[in-house]
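As a plain string of letters, each chain reads:
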Amino acid sequence: MKTVLIGVGQAGGKLTTALQSFDRQMGFGAVLDAVAVNTAKADLQPLPVETVLIGQDRVNGHGVGGDNELGAEVMEADQTEVMSALDGRVTAEAESIFVVAGLGGGSGSGGAPVLAKALRRVYDVPVYVLGILPGKDEGAMYQVNAGRSLKTLARESDAVLLVDNDAFRSSGESMSEGYDAINEAIARRVGLLLAAGEATEGVGESVVDTSEVINTLRSGGIAALGYASAEASPDAEDNINTVMSTTRRAVLTGTSLPDASDADSALVIIAGEPDTIPRKGVERARRWVEEETGSLQVRGGDFPLESGRLASLVLLGGVERSERVESFMERAREAIDQAKTEKREDPKEMWHNDDLDDLL
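Predicted model, so just to flag it, every value in this text is computed and none were measured.

Criteria and cut-off values
Residues numbered from 1 in each chain as written. Predicted model: local features only at pLDDT ≥ 70, side-chain atom pairs only at ≥ 80, totals over all residues. Heavy atoms only, no water. Buried < 20%, exposed > 50% of the residue type's maximum accessible area, 1.4 Å probe, protein only. Helix = DSSP H or I, 4+ residues; strand = E, 2+ residues; numbered from the N terminus. Pairing = 2+ DSSP bridges. Axes fitted to C-alpha atoms, helices over the stretch in contact; angles between N-to-C directions. Expected span 1.5 Å × (residues − 1). Parallel < 35°, antiparallel > 145°, perpendicular 65-115°, else oblique. Contact = heavy atoms within 4.5 Å. Nonpolar A, V, L, I, M, F, W, Y, C, P; charged D, E, K, R; others polar. Core = buried A, V, L, I, M, F, W, Y, C linked by side-chain atoms within 4.5 Å. Salt bridge = Lys/Arg side-chain N within 4 Å of Asp/Glu carboxyl O. Phe/Tyr/Trp six-rings, centres within 6.5 Å; stacked < 30°, edge-to-face > 60°.

Section: the pairing of strand β6 (residues 159-164)
Then comes step 1: Across the 6 residues of β6, 6 count as buried, placing the element largely inside the fold.
Then comes step 2: Note: strand β5 (residues 127-133) against β6, 6 bridges, orientation parallel. Paired with Leu 133 across the strands is Asp 164, a residue of β6.
Then comes step 3: With 2 bridges connecting them, β6 and strand β7 (residues 222-231) associate as parallel partners. Bridge pairing in β7 places Leu 161 opposite Ala 223.

Comments concerning the sheet that holds strand β1 (residues 3-8)
For sheets, the rule is that strands pair by backbone hydrogen bonds, running either parallel or antiparallel.
Then comes step 1: The 10 strands are arranged β3-β2-β1-β4-β5-β6-β7-β10-β8-β9 in an open sheet whose pairing can be described as mixed. Two strands lie at the open edges of the sheet, namely β3 (50-53) and β9 (298-304), each paired on one side alone. Pairwise comparison of adjacent strand axes, ignoring direction, gives a mean angle of 20 degrees for this sheet.
Then comes step 2: Pairing of β7 with strand β10 (residues 309-317) involves 9 bridges; the strand directions are antiparallel.

Here's the deal with helix α6 (residues 140-156)
Then comes step 1: Here α6 contains 17 residues, and its C-alpha end-to-end distance of 24 Å stays within 8% of the 24 Å for a straight helix at 1.5 Å per residue.
Then comes step 2: Taken residue by residue, α6 has Gln 143, Val 144, Asn 145, Ala 146, Gly 147, Ser 149, Leu 150, Leu 153 and Glu 156 as its buried positions.

Notes on the packing of helix α5 (residues 107-122) against α6
Then comes step 1: Running from amino to carboxyl end, α5 crosses α6 at an angle of 5 degrees, the nearest separation of the two axes being 9 Å. Judged on the interaxial angle alone, α6 and α5 are roughly parallel. Across from Ser 109, Ala 112, Pro 113, Ala 116, Lys 117 and Arg 120 in α5, the residues of α6 making contact are Asn 145, Ser 149, Thr 152, Leu 153, Arg 155 and Glu 156.
Then comes step 2: When its residues are assigned to classes, the contact of α5 with α6 shows 4 nonpolar, 4 polar and 4 charged.

So, the nonpolar core
Then comes step 1: Counting 63 residues, the largest nonpolar core has Leu 119, Leu 150, Leu 162 and Leu 257 as the members making the most contacts within it.
Then comes step 2: In contact with Leu 162, other than residues within four places in its own chain, are Leu 103, Gly 131, Leu 133, Leu 150, Ile 222, Ala 223, Ala 224, Ser 256, Leu 257 and Val 325.
Then comes step 3: In this structure, Ala 18, Ala 30, Leu 217 and Leu 267 belong to the second largest nonpolar core, which totals 49 residues.

Some details on the pattern of salt bridges
Then comes step 1: Under the defined criterion, the tally for this structure stands at 12 salt bridges.
Then comes step 2: Here Glu 330 makes a salt bridge to Arg 333, at a shortest N to O gap of 3.0 Å. Here Glu 330 and its partner Arg 333 are both found in helix α11 (residues 323-341), 3 residues apart, which amounts to about one turn of the helix.
Then comes step 3: On the accessibility criterion, Glu 330 (34% relative accessible area) is partly exposed.
Then comes step 4: What makes Arg 333 partly exposed here is its relative accessible area of 43%.
Then comes step 5: Each of Glu 283, Arg 286, Arg 287 and Glu 290 takes part in salt bridges that share partners, so that together they form one network.

Overview of the environment of Thr 80
Then comes step 1: Relative to the helices and strands, Thr 80 resides in helix α4 (residues 68-85).
Then comes step 2: For Thr 80, a relative accessible area of 57% puts it in the exposed group.
Then comes step 3: Along the backbone, Thr 80 and Leu 115 are 35 residues apart, and their C-alpha atoms lie at a distance of 10.0 Å.

Digging into the packing of aromatic side chains
Then comes step 1: Within the structure shown, the criterion is met by 3 aromatic pairs.
Then comes step 2: Measuring from centroid to centroid gives 5.9 Å for Phe 28 and Phe 303, while their planes differ by 50 degrees, and the two rings are tilted. Here Phe 303 lies in strand β9 and Phe 28 lies in the loop between α1 (9-26) and β2 (31-38), a separation of 275 residues in the sequence. Each member of the pair, Phe 28 as well as Phe 303, carries the same accessibility label: buried.

As far as function goes, none of this settles anything; it's purely spatial.
In structure tokens:
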């Protein structure tokens, strides 16, 4: 699936860079171009892609401070500038557009829905969102921002491929190391999905193509992506159990959205050397995903790739009923209710006391 990436906000810009870097490193050629958009000038400066600074008349290049309503207003006002930056980038070769954004901050969570809506009005290709949920410990404001953003994105885009930060976080890492590792893990998974059927080493029996990705996401709503890999045996027959185990791990423990196994549709992709991919294993894996998800729309195929390993990549469409999404939305609603009921004192009142004499 040849695509153009648009990173919105700090997290979106960094993940867009990681995706483009992975695609180039692997030589897939699935990422045709990339643009980063932000209200904070400092966040754009280190990015090795085309950048667009918006909201200069409102925030003077200093960001929106986590205010996603302001982020939406700024994107609404400056969307013409962003669309102009895409001229000549979204060519006839493009089969999709991905808006990449962290959903907990201000610029990304507010600007991404506005941009997705504008892109769908202009372009005929599907407009997907790669959205990053904030971790459970990142504070109430981020949960509220993400809840409101996700609800809007599900309506304004063709589908939202959702990534839960908590699914990738490891203990003992610094914050910077943690986010870099998460970006690399996401880039590997999404990069392989985009490249499936594009750049192949050898000829598989049933190679996945772009239409199967699009059809899996056709129902819209929320999607998740699972991934797992293992060493491959030179003999395909010996890899039947390997394909089954990696597929189970991809869905049950390696998904971008934990506990998201109920789905409307799914796509099972087995990547590796063509001679090591067992046809019987691929079909068994597809049937297992069918049973696990409860969906009758489960597609399956190969991704011929020069590698000593076999990888299972499972795209799940229509997972909005999953436990993780429901618990996240409930936490966002609770944070909103709490903010409404909290009585906030005027901070100036603390200075009105008789403990010290005023100077004036």
